[in-house]
Amino acid sequence: MRNNRLGVIGALAAVLVAATVPAAEAHGDRPPTLADLAERHGRYFGSATDNPELVDRPYTAFLGSEFDQITPGNGMKWYATEPHKGVFDFTQGDEIVALARADHQKVRGHTLVWHSQLPEWLTGREWTATELRAVLKKHIQTEVRHYRGKIYAWDVVNEAFNEDGTYRETVFYKTLGPGYIADALRWAHQADPKAKLYLNDYNVEATGPKSDAYYELAKQLKAQGVPLHGFGLQTHLALQYGYPDTLENNLRRFARLGLDTALTEVDVRMQLPATEEKLAQQADWYRDMTEACLAVRRCVGITVWDYTDKYSWIPAFFPGEGAALPWDEELRPKPAYFALRRALR
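Residues numbered from 1 in each chain as written. Predicted model: local features only at pLDDT ≥ 70, side-chain atom pairs only at ≥ 80, totals over all residues. Heavy atoms only, no water.

(A) Representation of helix α11 (residues 247-256) in the model. Of the positions making up α11, those classed as buried are Leu247, Asn250, Leu251, Arg253, Phe254 and Ala255. Turning to α11, the residues buried within the fold contact α10 (209-223), β6 (230-233), β8 (260-271), α12 (276-295) and β9 (299-304). Where α11 ends, the next residue or the one after it, glycine 258, has phi of about 85°, a positive value. (Buried < 20%, exposed > 50% of the residue type's maximum accessible area, 1.4 Å probe, protein only. Helix = DSSP H or I, 4+ residues; strand = E, 2+ residues; numbered from the N terminus. Contact = heavy atoms within 4.5 Å.)

(B) Spatial organisation of the packing of aromatic side chains. Scanning the model with the defined rule gives 27 aromatic pairs in all. With a centroid separation of 6.4 Å and an interplanar angle of 25°, the aromatic rings of phenylalanine 45 and phenylalanine 67 are classed as stacked. Separated by 22 residues along the polypeptide, phenylalanine 45 in strand β1 (residues 44-49) and phenylalanine 67 in the loop between α3 (57-66) and β2 (69-72) bring together distant segments of the chain. Here phenylalanine 45 matches phenylalanine 67 in class, with each residue buried. With a centroid separation of 5.8 Å and 75° between ring planes, the pair formed by phenylalanine 67 and tryptophan 327 is classed as edge-to-face. (Phe/Tyr/Trp six-rings, centres within 6.5 Å; stacked < 30°, edge-to-face > 60°.)

(C) Here's a closer look at the pairing of β8. With 11 of 12 residues buried, β8 is to be regarded as a mostly interior element. The pairing of β6 with β8 spans 4 bridges and is classified as parallel. Paired with leucine 233 across the bridge in β8 is leucine 263. Relative to β8, strand β7 (residues 236-238) is paired through 3 bridges, and the arrangement is parallel. By the bridge assignment for β8, alanine 238 is matched with arginine 269. (Pairing = 2+ DSSP bridges.)

(D) Focus on helix α7 (residues 129-146). Across its 18 residues, α7 extends 26 Å between first and last C-alpha, which sits within 8% of the 26 Å expected from 1.5 Å per residue. Within α7, the full set of buried residues consists of Leu132, Val135, Leu136, His139, Ile140, Gln141, Glu143 and Val144. Residues of α7 that are buried in the fold lie against α4 (78-81), β3 (106-113), α6 (120-123), β4 (153-158), α8 (171-176) and α9 (179-191). (Expected span 1.5 Å × (residues − 1).)

(E) Structural context of the packing of α11 against α12. Orientation of α11 relative to α12, taken along the N-to-C sense of each, is 30°, at an axis distance of 9 Å. The angle between α11 and α12 falls in the class roughly parallel. Along this stretch, α11 crosses α12, giving a crossing that reads as right-handed. On α12, the residues that touch Leu247, Glu248, Leu251 and Arg252 of α11 are Met289, Ala292, Cys293 and Ala295. Looking at side-chain class alone, the contact of α11 with α12 contains 6 nonpolar, no polar and 2 charged residues. (Axes fitted to C-alpha atoms, helices over the stretch in contact; angles between N-to-C directions. Parallel < 35°, antiparallel > 145°, perpendicular 65-115°, else oblique. Left-handed = near helix turned anticlockwise from the far one by under 90°. Nonpolar A, V, L, I, M, F, W, Y, C, P; charged D, E, K, R; others polar.)

(F) Local environment of the pairing of strand β5 (residues 196-201). The buried fraction of β5 amounts to 5 of the 6 residues, a majority that puts the element mostly inside the structure. Where β4 lies against β5, 5 bridges are found, and the strand directions are parallel. Each residue of the ladder has a partner; that of valine 157, found in β5, is leucine 199. Pairing analysis gives 4 bridges linking β5 to β6, with the strands arranged parallel. Bridging from a neighbouring strand, leucine 199 pairs with phenylalanine 231 of β6. For the crossover that starts at β5, traverses α10 and ends in the parallel β6, the hand is right-handed. (Right-handed = clockwise from strand over helix to strand, strands pointing away.)

(G) Quick look at the nonpolar core. Ranked by internal contacts, the top residues of the largest apolar core, which has 92 residues, are Trp154 and Leu199. Counting residues per element, this core draws most heavily on α9, at 8 residues. Those residues within four positions of leucine 199 in sequence are excluded, and the remaining contacts are Val157, Ile181, Leu185, Tyr214, Leu217, Leu221, Leu228, Gly230, Phe231 and Gly232. Counting residues in hydrophobic clusters, the runner-up holds 6 residues, among them Tyr44, Ala153, Tyr198 and Ala262. (Core = buried A, V, L, I, M, F, W, Y, C linked by side-chain atoms within 4.5 Å.)

Here it is as structure tokens:
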């Protein structure tokens, strides 16, 4: 049972929620959380978080009570964990793992191999294939061994393809070729045989060139006996670009390969200002994506990319856009939150 810690703002939000939830759904003096509702379907419902906001007590109280899964937004990426060659620092990741374990939450490791947020020592020079292969193996295995038994799943390789389905020209691909993906999965599995290993990307929710490329790669890896266990669909959506209507079918085809799937970084941004109409459409999308996951047995869970607009990454990366998450900047639930509850009920 998760630690039911609620700060002042979290308690006010709980009162607002309780007013909308049938009495028969209540767990004692509180309504069931999103995690409670998801557990009834054999799923988890999680949130990303990041180290700077952990000093916000009302935020962390609600983080610890509403969700049963946590993803570190940045603290396990290469720049944070190996800032100097061969010198590892797991301080940020350890802080989030400790917080999650105190609240009996599972942790998704994010991410071992990615073209972005790499340290300068790695990107600032040329590597031979032999050199980079050794560096990559050491990084993966050192990090995975450090968290062995504490991480239920890893995003092993993140964002490996372009929108047209061609391989992204990363330092790893250019130096090692496409085989770096299978090697990364094998090395991670050696370091923690019990962890679930995923490929993860954005704009793969609908069927199309990019998700097709992952489907074909997954088929090849499975045929070769490579330890691939799941496919993560980030699900960063934007109202102005339309909803991915083929999401459920896409989840099903990966399931037929024997893979789990998960919606790993969910948010639904909009062009500001937010209006009642936009918030209602956003709520519909949150409902629809949740129902799509529930309809496919091997879709194991949903993670919002932080739960509150207060700490959303969207405004900094998409100027003029935001309001992407189910709680607003004051930790008050939005229509999207209630749509999630209805979908999970």
